[in-house]
Amino acid sequence: MSKVVIVGAGPAGMSAAVELRRLRCEVTVIDDQPSPGGRIFAGIETRQPHGREDRSGATLARHFRESGGTYLSATEAWQIESGAKVFVTHAGQARVLEADFVLLAVGAQERPMPFPGWERPGVMTIGAAQILLKTAAQVPREPVWLAGSGPLLLLYARQLLDAGGSIAGLLDTTPKGRVWQARGKVYGALRYGWRDMARGLNWLVQMRGVRVIRHIVGLEAVGDPTLSSIRYRTANGVADEVGANLLLIHNGVVPAIHATLSAGCSHRWNADQQCLEPACDEFGRTSQPDLFVAGDGAAINGARAAFLSGRLAALGIAHAAGLLPGEEVARSAARLTRVLNDARGFRRLIDTLYPPVDLDLPDDTMVCRCEEVTASQVREVLSGRPHLGADGVKMITRAGMGPCQGRQCGYTIHRLIRELHGGPPEDAGFLRVRPPLKPLTLGELASLEAQSA
Amino acid sequence: MYRKIGGEREQAKVNVRVDGEVHSVDRGEPVAAILLRLSDNGVRRTPISGAVRAPFCMMGACFDCLVEIDGRPSTRSCMTFAQEGMEIRRQMTRPNPSREHAA
């Protein structure tokens, strides 16, 4: 029987697990949360589902629980090796899971959105606020300022209003002319996304009463130490300051690539989404033949597409394991691939409407929050050193060397390399990622030795 | 900065201590959520400049929500879930590894 370890119990990981169990594989799913669902369906087993998508998440979580695999909750993976091994910790104990195949369904993280003061207490991400709503049923105490753009921002705004919260205003970073640019992509988006588009328009209507300041190009979080006001600047040169004790920011999401980077998988630059993603075939098989990827960790296409890409990865793994003949895989994959292509068409519309935005990055902006390295420090070491890459910046300044391992500064260093040295983004390089992917105590490491002795 | 919304579900309660003070909270909610309800003034100081920080990403990726939980310093409060008797301390001074060693 083929052994498969799946990292992540969101829509992609759960779908793959259900499918692989159906194909009689031995499946172990590990996930860092106490219950299945991933971020999108956080707490889905205990909270009231809101809407169609939530209900499908609740159903999937139930099928996943009934699928008969091993599910290790509150467990973090800190090393993934082709071979294939997944090193995990749970409650202070480390262990190694060995498998024939590993599926990384680790999802997305929010794209860092640096501006002066973004590290202050009182500035959080929209995703963080949404997790607080889903897992702790809490909302900002006072009318809250939102800054950024993208579907998650609109979704949270709607959820916040529904939950009885209120919005002080939206500092919209969407550049000018995006709706006009997106017009050619509407048709290609309709088949998959008409329902989401209708929903999005409905949110915009509900947001009509909210104060919106458009075309923001610069932000500053002011306060000592806690946020007391927000300074902003628009593309039209309007500059002003508003009082605030909480600012929620969002600049889209990017695949969480630390696991695939550290496992030595090849990555490619996605020009539409301005991010790296693991290079893989239609089944999510990476350049390491026993490592597969699915869901937003493979490419940002949203939760509904993650249901499908999880199943596709399961088919690919079953085929690679010799459990399914090629014709059967091709037949089953055809429909999934067609719908996924429609999902990509919808995504192209979203990416055009809400592109990632580079706000002004003045010298005093904190690039690396962990090691407290500013933009001026990074610019200084890059200037006059055309061959210095991200790892050189890390060595000299310590940016990217802290506990978050560059999750919050990797793309900013990438941006500064392009700013100082020019050249295409795919040549700018990225921080080298090394295990442990999550912090590990010596005691936990030692517990690994004790087991194998 | 945050408040609970009313209704929807009745949650089982547990008692936790935050800097020595007992609070009744929802069992299983992220510790960071509790800290964000209790105070606006951050949860830790950075070891480098001593700047104050608070939870930022709530998904284990940013490491800004580090506090001491049940004697273990620099634990992500967003990835730790409230249990009866949990002992939580904000890290408003530099983490001191020798204290953990002595314990």
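Notes on the structure follow. (Residues numbered from 1 in each chain as written. Chains lettered and ligands numbered in written order. Predicted model: local features only at pLDDT ≥ 70, side-chain atom pairs only at ≥ 80, totals over all residues. Heavy atoms only, no water.)

1. Observations concerning the interface of chain B and chain A
Here is step 1 of the chain: The partner chain A presents 53 residues to the 36 residues of chain B that form the contact.
Here is step 2 of the chain: Overall, the association of chain B and chain A removes approximately 3,900 Å² of surface from exposure, summing both partners, and the carbon and sulfur fraction of that is 56%.
Here is step 3 of the chain: Contact with chain A buries surface across chain B, with M1(B), Y2(B) and F56(B) losing the most and accounting together for 21% of the total.
Here is step 4 of the chain: Measuring nitrogen to oxygen at the nearest pair gives 3.4 Å for the salt bridge that ties E444(A) to R72(B).
Here is step 5 of the chain: If you look at where chain B meets chain A, you find 17 residue pairs in polar contact (both at pLDDT 80 or more).
Here is step 6 of the chain: Residue assignment for the side of chain B that touches chain A shows that the elements contributing at least two residues are β1 (2-4), α1 (31-38), β5 (52-53) and β7 (72-76) of chain B.
Here is step 7 of the chain: Tallied by class, the residues present in the side of chain B that touches chain A amount to 20 nonpolar, five polar and eleven charged.
Here is step 8 of the chain: Judged from the three bridges that link them, strand β10 (residues 138-140) of chain A and β1(B) form a sheet pairing that is antiparallel. Along β1(B), the bridge assignment pairs Q138(A) with K4(B). (Contact = heavy atoms within 4.5 Å. Buried area = accessible area lost by both parts, 1.4 Å probe. Salt bridge = Lys/Arg side-chain N within 4 Å of Asp/Glu carboxyl O. Polar contact = N/O pair within 3.5 Å; in protein donor to acceptor, adjacent residues only side chain to side chain. Helix = DSSP H or I, 4+ residues; strand = E, 2+ residues; numbered from the N terminus. Nonpolar A, V, L, I, M, F, W, Y, C, P; charged D, E, K, R; others polar. Pairing = 2+ DSSP bridges.)

2. What to know about the environment of A446(A)
All names here are of chain A.
Here is step 1 of the chain: Tracing the backbone shows A446 in helix α13 (residues 442-452).
Here is step 2 of the chain: Looking at A446, the relative accessible area reads 43%, which means it is partly exposed.
Here is step 3 of the chain: For the pair A446 and P121, spaced 325 residues apart in the sequence, the C-alpha separation amounts to 36 Å. (Buried < 20%, exposed > 50% of the residue type's maximum accessible area, 1.4 Å probe, protein only.)

3. Notes on a nonpolar patch on the surface
Here is step 1 of the chain: On the surface, V186(A), Y187(A), L190(A) and W194(A) cluster together to form a nonpolar patch covering roughly 450 Å² of accessible area.
Here is step 2 of the chain: With respect to the element layout, L190(A) can be found in helix α6 (residues 186-206). (Patch = residues over 30% accessible without salt bridge, like charges linked within 9 Å, V, L, I, M, F, W, Y side chains within 5 Å. Areas by Shrake-Rupley, 256 points an atom, 1.4 Å probe, with all protein chains shown as cover.)

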